[in-house]
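Examining the three-dimensional arrangement
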Amino acid sequence: MGQQAHAITDAPDVPAGVKSAGRAYHQRRNVKIIVDSTADFAPGVVEQLGVEVIPFTYVGPDGEHVDDMWAESDPHEFYENMRKHPDVHYTTAAVTPGRYYEVFKRAAQEGMPTLYMGLTEGLSSSINSARQAAEMVQREYPDFEIYVLDNKCDSVAGELLAIEVVRQASNGLSAKELFEWASDARYFVHGYFTLDSFDALAAGGRIPPAAANVGGKLDIKPELSYDTNGALTLRGMCRGRKKALRAILQDFRDNYAHDTTLPLAIVSTDAQKDADWLEREVRKEKGCEDVAIIHSSVSPILGSHVGPGMVALVFWGTDRREKMSLTDRIARKVKRGGSAQ
């Protein structure tokens, strides 16, 4: 079942812009906005926005858990346990069409046009399950208006996108207009991050164990991002943690939109010291002294795949499509039915 949004309450750590957008959305409310828990929302943000959340689930040594966005658990304890017990692995699974069907059917019965924004297909098949469920519900309720959006990004990039979608909804955009707006806007959200080790990626089969072992011995720290399909992409390899953090900061300088009305986000898997360092350095940049920065912790859903010690900086910037690789450009032309020149 989807997790209903709570009533708006006082949340002192939530930026004022998020609060005002949420209040305006509540007052107008001509579209229902549904997200999922992999957007790693900071405490209080979901409640202020008034959106509904579909939680993912994960399985640990003590059984299956629902991702409650740290409502009843502590991120430090979770990631510290991963550090102390590297042989213990967590698994995650895509949300099933049946679970999406329950949430979407309830929305159809409420009768309000609906937009669902989900974790990118580049990392999970869940968005395809959401599309299947939406089609099933629409067959039962032919007049129901629902749109399913692949965020084309992950973690708090989805949070930043959701905040602005709520803001646009409060300005009066319809569900269809929101879908069209977000379909373009999602390519302007950038995210850059580094890992403490390759161990979790190796455990999940994403890189060979031998590569993880070599990387650890040489103190190699990767800088990663995601491509226009939402899949992880390697930006570079750095000797040492500080160089990786400085690479993230340089990508911020190179791509930031310089619109301080839009919040930034810093997220980590129990790496608060580095998260604080990134904030201090960002605030040294011209015009960024007072920009709103949202801090949050990566949930076990994505955290189980990257391990403890990951830290990321996410922000609104240039159009990521302008830096597509040649293969990306060819793929887009083929999908449109065009031909590569």
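Before reading further, recall that the structure is shown in the block above.
Notes on the structure follow. (Residues numbered from 1 in each chain as written. Predicted model: local features only at pLDDT ≥ 70, side-chain atom pairs only at ≥ 80, totals over all residues. Heavy atoms only, no water.)

1. A look at the overall build of the chain
- Each helix and strand counted, the chain has 13 helices and 13 strands in total.
- Residue burial in the chain is summarised as follows: out of 341 residues, 53% are buried.
- Here the contacts in the chain between residues at least 6 apart in sequence split such that 76% fall between residues at least 24 apart. (Helix = DSSP H or I, 4+ residues; strand = E, 2+ residues; numbered from the N terminus. Buried < 20%, exposed > 50% of the residue type's maximum accessible area, 1.4 Å probe, protein only. Contact = heavy atoms within 4.5 Å.)

2. Observations regarding the sheet that holds strand β9 (residues 220-226)
- Ordered by their spatial adjacency, six strands build an open sheet running β10-β9-β8-β13-β11-β12, and the pairing between neighbours is mixed. Unpaired on one side and paired on the other, β10 (232-239) and β12 (293-297) mark the two borders of the sheet. Going from strand to strand, the sheet's axes swing by 20° on average, the running direction of each strand aside.
- The pairing of β9 with β10 spans seven bridges and is antiparallel. From the neighbouring strand, Glu-223 faces β10, where its bridge partner is Gly-236. (Pairing = 2+ DSSP bridges. Axes fitted to C-alpha atoms, helices over the stretch in contact; angles between N-to-C directions.)

3. Considering the pattern of salt bridges
- If you walk through the whole model with that rule in mind, you get 16 salt bridges.
- Asp-251 is the partner of Arg-235 in a salt bridge, and the nearest nitrogen-oxygen pair spans 2.5 Å. Pair noted here: Arg-235 is in strand β10 and Asp-251 is in helix α10 (residues 241-255), with a separation of 16 residues, a long-range link.
- Via salt bridges that share partners, Lys-32, Glu-52, Arg-106 and Glu-110 belong to a single interconnected network. (Salt bridge = Lys/Arg side-chain N within 4 Å of Asp/Glu carboxyl O.)

4. Concerning the packing of helix α4 (residues 97-110) against helix α5 (residues 126-140)
- It is the contact of α4 with α5, at a shortest axis distance of 8 Å, that shows an interaxial angle of 45°. One way to sum up the angle between α4 and α5 is to call them oblique. Classified by chirality, the crossing of α5 by α4 is right-handed. Contacts between α4 and α5 pair Pro-97, Tyr-100, Tyr-101, Phe-104, Lys-105 and Ala-108 from the former with Ser-126, Ser-129, Ala-130, Gln-132, Ala-133, Ala-134, Met-136, Val-137 and Glu-140 from the latter.
- Considering only residue class, the contact of α4 with α5 consists of 10 nonpolar, three polar and two charged. (Parallel < 35°, antiparallel > 145°, perpendicular 65-115°, else oblique. Left-handed = near helix turned anticlockwise from the far one by under 90°. Nonpolar A, V, L, I, M, F, W, Y, C, P; charged D, E, K, R; others polar.)

5. A short note on the nonpolar core
- Ile-33, Phe-41, Tyr-100, Phe-104 and Tyr-116 are the most contacted members of the largest nonpolar core, which totals 77 residues.
- In this structure, Tyr-116 is in contact with Ile-34, Val-35, Asp-36, Ile-54, Tyr-100, Phe-104, Ile-127, Ala-130, Tyr-147, Val-148 and Leu-149, ignoring residues within four places of it in sequence.
- Among the nonpolar cores identified, the runner-up in size contains 19 residues, and Tyr-192, Ile-248, Leu-278 and Leu-313 belong to it. (Core = buried A, V, L, I, M, F, W, Y, C linked by side-chain atoms within 4.5 Å.)

6. What to know about the pairing of strand β13 (residues 311-316)
- Within β13, six of the six residues are buried, which leaves it mostly tucked inside the rest of the structure.
- The alternating pattern of β13 places Val-311, Leu-313 and Phe-315 and Ala-312, Val-314 and Trp-316 on opposite faces, both of which are buried.
- Direction of pairing for strand β8 (residues 189-194) relative to β13: antiparallel, over a ladder of six bridges. Bridged to Thr-194 within β13 is Val-311.
- The pairing of strand β11 (residues 264-268) with β13 spans four bridges and is classified as antiparallel. Note on β13: the bridge partner recorded for Ile-266 is Leu-313.

None of this, on its own, says anything about what the molecule does.
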